[in-house]
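Here's the letter readout for the chains.
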Amino acid sequence: MSAASCLLTEDQFLCSICLDVFTDPVSTPCGHNLCKTCITEHWNINVPYQCPNCKKVFYTKPELQVNTFISEMAAQFRQSAQQKASSSSSEQQAAKPGEVPCDVCTGTKVKALKSCLVCLASYCETHLEPHLTASRLKRHQLIDPVENLEGRMCTKHDKLLELFCKTDQMCVCMLCTVLDHKTHDVVPLKEEYEGKKAELGKTEAETQQMIQKRRLKIQEIKRSVELSKEDADREIAGGVQVFSALKESVERSQAELIDTIKEKQRETEKQAEGFIKELEQEISELKKRSSEVEQLSRSEDHLHLLQSLPSLNAAPPTKDWTEVSVRPPSYEGTVRRAVNQLEETLSKQMKKLLELKRVQQYAVDVTLDPDTAHPNLILSDDGKQVKHGDEKKNLPDNPDKFSVCPCILAKQSFSSGRFYYEVQVKGKTDWDLGVARELINRKGLITPTPQNGYWTICLRNKNECKVFTGHPVCLSLKSQPEKVGVFVDYEEGLVSFHDVDAAALIYSFTGCCFTEKLYPFFSPCNNNGGKNSAPLIISPVNHTVYMFNVIKNKLM
């Protein structure tokens, strides 16, 4: 039986109701074992009667008998488990390496619970009992268990070290203060302990503060590295962009140079072919006459020669070829002129790029203000995108909100200095961008002119870019911009619009007089049945440095 029980586990002797080892186990008709009390109470509450394990229903309450075999096995298992628990408990009480053992225990040394500074001994829970009950021993000073209690005694007087000499910075006993440290500054050990502990606490706080400062410095350095990497990535991207454009320009100029030279060569060849064709025609005519003359000159008939001579064809007209020649075209200076033209083109392009770079340094963070949005407009969660929706939201009206035109302002306002922001308009057929005064009329139809407090540029029907200066002015652009930069110089009275990708100035309002706060202004315009569903996107500004001098040196 004992051998068999060793092969069994606790799970096999657990009641599925109380989850404990069986007590008076009984078997159900379906073969499952449970505590008699557990299943009886279960069936007293739940009707019809059902097995908790397999859910089999019994329509009459089964008679239950204690399963003696299972009962014996459970009792034996419970006894074995208790013995193991008791053994485990004893093992846990035994002192482990590094723990202070009881000085009284014989055999297995149990872990000490307290140390006595009077007895200079450490005691486990059992042997500590006299110190907790005997009145004489209750007066002894107990501390948490420590090793080397002899080290707490004065080696000279064999007394407890319970005082501290500040003069000699050492622990002393009562006799020391009377003899060797009579005139010294002596305080109780506890007092010095508390003072030193406070100093250690202050030192620890200062150390933690130093650690924190260094952790912050590490974060600062890591952030600097991250920013440096971002700048490096930006510069690499910008450099690749510039040199790619430069490579394309050089290849284009090279192709144009080759085409120019080849065209001159083709013209030379064409001229030569014309001369040759003309000469061959004259040669053919002359050969024909030569043949006729030769044939007549061979005649021995005097009469025939003289009669035929008048009818001989006249000599064909010929050209004086003395001064005619084919001169090879001169290519001198062709390459130099091509390089100069390329340099001039690149110089103009770099000036545009540097001008864009100049205004980009005034970039500001702009977010859309939902309180000013027309009810049909849909904003992104980060306030950086806006588009027109087909359904008008039922929102309470307020003086700041645009009521008719699908417009919106930014949260940020500017009343001095310079500022710049960029907006992606890619994929849109209609849009409006610019700045507006704070006190503009936001109700009803809007004419976005400077007189009404608007300095804007707009796109209509995908290809009509225009501004309103009092009347519409159409702008002639090589291509429609995909990203527009808006720059404002408040004191200078300047509002300029830039094609970011082409680094080209689109239009500038000059001589403006600003007296109010200015707000960035946006209108994604109507959805137009999905044709104009793309959003306006406020984009982060890419501060790219264009190395004009480096590029120029590469060309020379």
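The model shown is predicted, which means the values in this text are computed figures rather than measured ones.

Caption draft 1: Quick peek at the pairing of strand 15 (residues 431-437). Across the seven residues of strand 15, six count as buried, placing the element largely inside the fold. In this structure, strand 15 lies alongside strand 16 (residues 454-460), joined through six bridges in antiparallel fashion. By the bridge assignment for strand 16, V435 is matched with W455. Sheet topology note: the strand 15/strand 22 (residues 518-523) ladder contains six bridges and is antiparallel.

Caption draft 2: Fine view of the packing of helix 7 (residues 189-297) against helix 9 (residues 334-360). Where helix 7 meets helix 9, the axes come as close as 10 Å, and the angle between the chain directions of the two elements is 150°. By the angle between their axes, helix 7 is roughly antiparallel relative to helix 9. As for how helix 7 packs across helix 9, the hand of that crossing is right-handed. Listed contacts from helix 9 to V242, L246, S249, V250, S253, L257, I261 and K264 of helix 7 are T334, V335, A338, L342, L346 and M350.

Caption draft 3: Inspection of the confidence of the model for the protein at higher detail. In this model, the protein carries an average pLDDT of 85, and 92% of its residues clear a pLDDT of 70 or more. With pLDDT under 50 throughout, residues 1-6 is counted as low confidence; its partners more than four residues away or in other chains account for seven contacts. Scored below 50 in pLDDT, residues 545-556 makes 21 contacts in the model with residues more than four places away or belonging to other chains.

Caption draft 4: Main features of the pattern of salt bridges. As enumerated under the stated definition, the model contains 19 salt bridges in all. Between E278 and K319 there is a salt bridge; the shortest N-O distance is 3.9 Å. With E278 in helix 7 and K319 in the loop between helix 8 (302-308) and helix 9, this pair connects stretches of sequence that are 41 residues apart. For D432, the salt bridge is made with R460, and the minimal N-O distance between the two is 2.8 Å. Of this pair, D432 sits in strand 15 while R460 sits in strand 16, and the two are 28 residues apart along the sequence.

Caption draft 5: Inspection of the sheet that holds strand 22 at higher detail. Strands sit in the order 13-22-15-16-17-18 across an open sheet of six strands; the sheet is antiparallel. Since the sheet does not close on itself, it has two edges, and those belong to strand 13 (408-409) and strand 18 (472-475), each with one partner. Judged from the four bridges that link them, strand 16 and strand 17 (residues 464-468) form a sheet pairing that is antiparallel. The residue bridging R460 from the neighbouring strand is E464, located in strand 17.

So, how was this worked out
Here the residue index of a chain counts from 1 through its sequence in written order. Only residues with pLDDT of at least 70 get local features here, since the model is predicted, and only at 80 or more are side-chain atom pairs given and counted; chain-wide, interface and lining totals rely on the full set of residues. Only hydrogens and water are set aside when side-chain values are computed; all heavy atoms of the structure are taken into account. Note on exposure labels: buried denotes an accessible area under 20% of the residue type's maximum, exposed denotes more than 50%, and partly exposed covers the range between, all computed with a 1.4 Å probe on protein chains only. Only DSSP runs of H or I with at least four residues qualify as helices, and only runs of E with at least two residues qualify as strands; both kinds are numbered from the N terminus onward. For two strands to pair, DSSP has to find at least two bridges joining them. Axis lines are fitted to C-alpha atoms, over the contacting stretch for helices. Their N-to-C directions set the angle, which ranges from 0 to 180 degrees. For classification purposes, angles smaller than 35 degrees are called roughly parallel, those larger than 145 roughly antiparallel, those between 65 and 115 roughly perpendicular, and all remaining angles oblique. Note on convention: near helix rotated counterclockwise from far helix by under a right angle means a left-handed crossing. Clockwise means right-handed. In what follows, residue pairs with any heavy atoms lying within 4.5 Å of each other are defined as contacts. In predicted models, pLDDT denotes the confidence assigned by the predictor to each residue on a 0 to 100 scale. Salt bridges are identified by distance alone: a Lys or Arg side-chain nitrogen within 4 Å of an Asp or Glu carboxyl oxygen.

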